[in-house]
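Chain by chain, the residues:
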Amino acid sequence: MNIKKMKIGSPGLTWLPQKPASQVGAFSFAVLTGLTVDHASAGSTALVLTSVTVLLSSFWLHGQNASRELRDGYLFKAPRKLKRASKTNWQATDHFKEVGIDTVVSEKRSAQYRILMIPNKTPKQVQAQMSALSMVLDAEESEMIFMQNFRHMTSAILVPFRNHDEWQEVTLNKEVLEAGKLIGYIGKSVTDEDVFYDRRHESHMLVGGSTNAGKTQAMILDIVSMRYSGMNPEIHIYDPKGELVSMKADFHTQDIKEAVVMLEELAFRAKTRMNKYAKEGCSNFFEYREKVNATESPLFAYIDEATDLLVNKLAAEEKPQKGEPIEKEHLKWSVRAYDVIFEISRLHRAGGLFLTMGMQHPKAEIVPTEIRNNFSARLAMNVPDAAASRVILDRNGAESLPKFGGFYFKTSLRAGAPVLGRGALIK
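Everything quoted here is computed from the prediction, not taken from an experiment. (Residues numbered from 1 in each chain as written. Predicted model: local features only at pLDDT ≥ 70, side-chain atom pairs only at ≥ 80, totals over all residues. Heavy atoms only, no water.)

Visitor: Break down the sheet that holds strand β2 (residues 106-109) for me, citing the residues and quoting the values.
Guide: Judged by pairing direction, the sheet is antiparallel, and its five strands sit side by side in the order β1-β2-β3-β5-β4 without closing on themselves. The open sheet terminates on both sides in strands that have one partner only, identified here as β1 (87-88) and β4 (145-151). Sheet topology places β1 next to β2; two bridges connect them, and they run antiparallel. For Lys87, the partnering residue across the bridge sits in β2 and is Glu107. (Pairing = 2+ DSSP bridges. Helix = DSSP H or I, 4+ residues; strand = E, 2+ residues; numbered from the N terminus.)

Structure representation (structure tokens):
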């Protein structure tokens, strides 16, 4: 009997009971009925074997039902996601032939983009057709992305789906998270690969994104990822807008003064730890855990809306500034915040203190190069303009990303262009 893998409560299987326990019962009854009919005329030995088989099957199904959360809710093994086969895009193919580029354009999709793959040896000529293709495909040229080396001898043009209902949701892939490692999950690339990083190599992360870009969701995802490490992380949050109040944390504040004190106390703890590690002959937090104390917890500071916490250093020097004047009291605490953030990002990763800083309106004068250079993981979502993109990524591009999760991600270990994809959603 070929039993298809099914997800519990799937709306398409309306003929099945919707409660997991009822499904197990229905399946057991079906097996029992089938075997009983099959052996109705057999002797007592066959009937006994049938009964034993049904009993063992029931126990096995009960175990499958009890452990279904380990398979994302599936009663049996979670099915693999099949990649959609590409199809020929004749509109684009005909256009390229009209301009003298003999190629066949194939198309597939990612979570937010149509991906037009163009085999060629002249990528500059292909890129030069972006404007014309935007009219052929009825797309906004400013939102289209050209990738010269999408595959070997193949360029790609990415066109975002205009209808958001066509976007595909990305969920956390728990299989890439490992106990004993501080793995942060980001999402899926446009080539359908998991995007993640390791805090052992990328201690601090800078996140930028405008309203509805997905910045706060990315920070929530990172907190959840760190908890999957099993290392009992301490979570400390500064969240002036209260968007992270649902997250379980060891300390949470919306007040700038409390946030600065929190950061200064964490910096002191990290410095004390580093002295302790040195006495044990260890150079950093990870070495100390491996050689001396496997229960040492990592410390995390999450700062949402860092531009509310920091100020322009020129303002601290009381030089003329554009915009609204900054209150002296706020300015005093902001200067302290700047100093402690610079200290943490530059010195205290060895003490097991990891910093994640989010900004809705990234500005170079508020988060200067001397701080940004200490954040090796950079996650850029849709930002207001190219200048903001350069603050996060050191390059343009994030200003053209689709909202609700579209991202560019770069780390010190990823050579070349940043990875393009869509962030995972935590419900």
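We are not done yet, so read on.
Visitor: Describe in detail the sheet that holds strand β10 (residues 251-253), supporting the description with residues and values.
Guide: Strand pairing within a sheet occurs via backbone hydrogen bonds; the two strands may be parallel or antiparallel. The strand order across the open sheet built from 10 strands is β7-β6-β15-β14-β13-β8-β12-β11-β9-β10, with neighbouring strands paired in mixed fashion. Strands at the two margins of the open sheet, each flanked by one partner only, are β7 (194-198) and β10. Going across the sheet, the axis of each strand differs from the next one's by a mean of 25°, ignoring polarity. Relative to strand β14 (residues 406-410), strand β13 (residues 377-380) is paired through three bridges, and the arrangement is antiparallel. Along β14, the bridge assignment pairs Leu379 with Phe409. Relative to the sheet, helix α13 (residues 386-393) contacts β8 (205-208), β12 (353-359), β13 and β14, its axis offset from that of β13 by approximately 155°. (Axes fitted to C-alpha atoms, helices over the stretch in contact; angles between N-to-C directions. Contact = heavy atoms within 4.5 Å.)

Visitor: Requested: an account of the pairing of strand β3 (residues 113-119), with residues and values cited.
Guide: In terms of burial, β3 is largely enclosed, as six of its seven residues are buried. Pairing between β2 and β3: four bridges, direction antiparallel. For Lys108, the partnering residue across the bridge sits in β3 and is Ile115. The turn linking β2 back onto β3 is made up of three residues. As paired strands, β3 and strand β5 (residues 154-160) are joined by seven bridges and run antiparallel to one another. Residue pairing for β5: Pro119 is matched across the bridge by Thr154. (Buried < 20%, exposed > 50% of the residue type's maximum accessible area, 1.4 Å probe, protein only.)

Visitor: Outline the packing of helix α7 (residues 256-279) against helix α11 (residues 328-347), supporting the account with residue identities and numerical values.
Guide: In the contact formed by α7 and α11, the axes pass within 9 Å of each other and the chain directions differ by 25°. Considered as vectors, α7 and α11 are oriented roughly parallel to each other. The handedness of the crossing between α7 and α11 is left-handed. On the side of α7, the interface is formed by Ile256, Lys257, Val260, Val261, Leu263, Glu264, Ala267, Lys271 and Met274, while α11 contributes Glu329, His330, Trp333, Ser334, Arg336, Ala337, Val340, Ile341, Glu343, Ile344 and Leu347. Taken together, the residues that form the contact of α7 with α11 break down as 12 nonpolar, two polar and six charged. (Parallel < 35°, antiparallel > 145°, perpendicular 65-115°, else oblique. Left-handed = near helix turned anticlockwise from the far one by under 90°. Nonpolar A, V, L, I, M, F, W, Y, C, P; charged D, E, K, R; others polar.)

Visitor: An account of α13 is needed here, citing residue identities and associated values.
Guide: Within α13 the residues assigned to the buried category are Ala388, Ser389, Val391, Ile392 and Leu393. Looking down the long axis of α13, one finds its buried residues gathered within 165° of arc, a one-sided arrangement. For α13, the elements touching its buried residues are β8, β12, α12 (369-372), β13 and β14. Between a side-chain oxygen at the N-terminus of α13 and the backbone nitrogen of Ala387 the separation is 3.2 Å; the capping residue is Asp385. (Arc of directions from axis to C-beta. Polar contact = N/O pair within 3.5 Å; in protein donor to acceptor, adjacent residues only side chain to side chain.)

Visitor: Can you lay out the pairing of β8 for me, pointing to particular residues and giving the numbers?
Guide: Working note: regular strand, side chains alternate between the two faces of the sheet. Residues Met205 and Val207 line one face of β8 and the alternating positions Leu206 and Gly208 line the opposite face, and both faces are buried. Where β8 and β12 come together, four bridges link them in parallel fashion. The residue bridging Gly208 from the neighbouring strand is Met359, located in β12. Across four bridges, β8 lies against β13 in parallel orientation. When the sheet's bridge partners are listed, Gly208 is paired in β13 with Ala380.

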